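# An overview of the molecular structure
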Amino acid sequence: MNKPSADTTAVSRPLRRRPPLAAAVVQSLATAIVLGEYRPGTALPSAGELCEQYEVSRTVIREATTALAEKGLVATRQGWGTVVLDQEQWSLLDPLILDALFQRKDRLVFLDNLIDIRTTLECAMAARAAERMDEDQAAALSSKLGELAALKDDANAYARADIQFHEIIHRASQDAFGRAIVSSIQGKAVRSPQYSGDPTRQDIDLTHEAHERIAAAVLARDAESAAEAMREHITSAWARRRPVDPLEA
């Protein structure tokens, strides 16, 4: 009698669902902490003050405080109350924290860091995709490149298809962690005007030429060229749209 095969499907832990009021308080306080309204080492207002500020019960505030602690933003210290932690303690890939980071005045530092991360991960994924891409994925990549060519006069539509083009390569690479990290960070960054920019038709033409080089290398199974084409694409695209930082002028 054959043994049933082991089920190796990854099972995600269900996200803890927080009451709507608590979720709203968490978002407000997390944003305030990341934006520096509450400095590291200082205490949040007391539970009573927060209840009055947000017009919620102590139960809601306790739930919100627990959520902030889970994100590494605060810790409860006897005699001090709920104390804001240093940025090194924050869960930087948490969606709320990422969203707030890209709203900060020094967001260019984080956007530059994002480009470094994307370059490292996506170059490796492009190389792996060149080695591992199957026929269906190759067909999907070619099809998406053709779709992009037809969208060059529509910047918003091109941007959406651009993300899908990269996702095909990510999936083909079979790099689950790299794909998750890039998706998580970039998903929040694209909401920042400094990251997305306002591309002209010339910008889109240059981007499309880069996509053509990437696709050609991946489809030719040339891992080294695929990685280099991806590197040139990401870094040159950011160089074109990166705003001037007044502190660097």
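Model, not experiment: these values are computed from the prediction.

What counts, and at which threshold
Residues numbered from 1 in each chain as written. Predicted model: local features only at pLDDT ≥ 70, side-chain atom pairs only at ≥ 80, totals over all residues. Heavy atoms only, no water. Helix = DSSP H or I, 4+ residues; strand = E, 2+ residues; numbered from the N terminus. Salt bridge = Lys/Arg side-chain N within 4 Å of Asp/Glu carboxyl O. Buried < 20%, exposed > 50% of the residue type's maximum accessible area, 1.4 Å probe, protein only. Polar contact = N/O pair within 3.5 Å; in protein donor to acceptor, adjacent residues only side chain to side chain. Axes fitted to C-alpha atoms, helices over the stretch in contact; angles between N-to-C directions. Parallel < 35°, antiparallel > 145°, perpendicular 65-115°, else oblique. Left-handed = near helix turned anticlockwise from the far one by under 90°. Contact = heavy atoms within 4.5 Å. Nonpolar A, V, L, I, M, F, W, Y, C, P; charged D, E, K, R; others polar. Pairing = 2+ DSSP bridges. pLDDT = per-residue confidence, 0-100. Expected span 1.5 Å × (residues − 1).

### Concerning the environment of Ala24
Looking at the element boundaries, Ala24 is found in helix α1 (residues 20-34). Separated by 40 residues in the primary sequence, Ala24 and Ala64 have C-alpha atoms spaced 8.6 Å apart.

### Describing the environment of Val244
Locating Val244 in the fold gives a position in the segment after α11 (223-241). Val244 sits 136 residues away from Leu108 along the chain, and the two C-alpha atoms are 9.3 Å apart.

### Here's the deal with the pattern of salt bridges
Applying the stated rule across the entire model yields eleven salt bridges. The salt bridge partner of Asp112 is Arg242, with a shortest N-O separation of 2.8 Å. Of the two residues, Asp112 sits in helix α5 (residues 107-132) while Arg242 sits in the segment after α11, which places them 130 residues apart along the sequence. Residue classification places Asp112 among the partly exposed residues on the basis of a relative accessible area of 24%. Measuring nitrogen to oxygen at the nearest pair gives 3.8 Å for the salt bridge that ties Asp203 to Arg240. Here Arg240 lies in helix α11 and Asp203 lies in helix α10 (residues 201-219), a separation of 37 residues in the sequence. Residues participating in the shared-partner salt-bridge network are Lys152, Asp153, Arg201 and Asp205.

### Looking at the side chain of Asp94
Structurally, Asp94 is set in the loop between β2 (81-84) and α4 (95-101). Here Asp94 falls in the buried class, since its relative accessible area comes to 14%. A polar contact of 2.8 Å, which involves the side chain of Asp94, links it to the side chain of Lys71.

### With respect to the packing of α1 against helix α3 (residues 58-70)
The relative placement of two packed helices comes down to the angle between their axes together with the axis-to-axis distance. Axis separation between α1 and α3 bottoms out at 9 Å; the angle between their running directions is 50°. When the axis of α1 is compared with that of α3, the two are oblique. Regarding α1 and α3, the two cross each other, and that crossing is right-handed. Between α1 and α3, the contacting residues are Leu21, Ala22, Val25, Val26, Leu29 and Ala30 on the first element and Val60, Ile61, Glu63, Ala64, Ala67 and Leu68 on the second. Looking at the contact of α1 with α3 residue by residue, the class counts come to eleven nonpolar, no polar and one charged.

### Considerations on the pairing of β2
Where strand β1 (residues 74-77) and β2 come together, four bridges link them in antiparallel fashion. Opposite Val74, over in β2, you have Val84 as the bridge partner.

### Description of the packing of α10 against α11
At a minimum axis distance of 8 Å, the contact between α10 and α11 shows a crossing angle of 165°. By the criterion of interaxial angle, the relationship of α10 to α11 is roughly antiparallel. For the crossing formed where α10 meets α11, the hand is left-handed. Of the residues in α11, those touching α10 at Asp203, Leu206, Thr207, Ala210, His211, Arg213, Ile214, Ala217 and Val218 are Ser225, Ala226, Ala229, Met230, Glu232, His233 and Arg240.

### Thoughts on the confidence of the model for the chain
Summary statistics for the chain give a mean pLDDT of 89 and a share of 90% for residues scoring 70 or more. In the model of the chain, helix α9 (residues 193-196) stands out as the element of lowest mean pLDDT, 74, in contrast to helix α6 (residues 135-149), which has the highest, 98. Considering only residues more than four positions removed or in separate chains, one finds that residues 1-15, a stretch of pLDDT under 50, has zero contacts.

### Some points on α1
Every α-helical turn comprises 3.6 residues, leaving residues that sit three or four positions apart pointing alike. The terminal C-alpha atoms of α1, which comprises 15 residues, lie 21 Å apart, in line with the 21 Å expected from a rise of 1.5 Å per residue. Residues of α1 that are buried: Ala22, Val25, Val26, Leu29, Ala30, Ala32, Ile33 and Val34. Where the residues of α1 are buried, they touch α2 (47-54), α3, β1, β2 and α4. One or two positions beyond α1, positive phi appears at Gly36, with a value near 90°.

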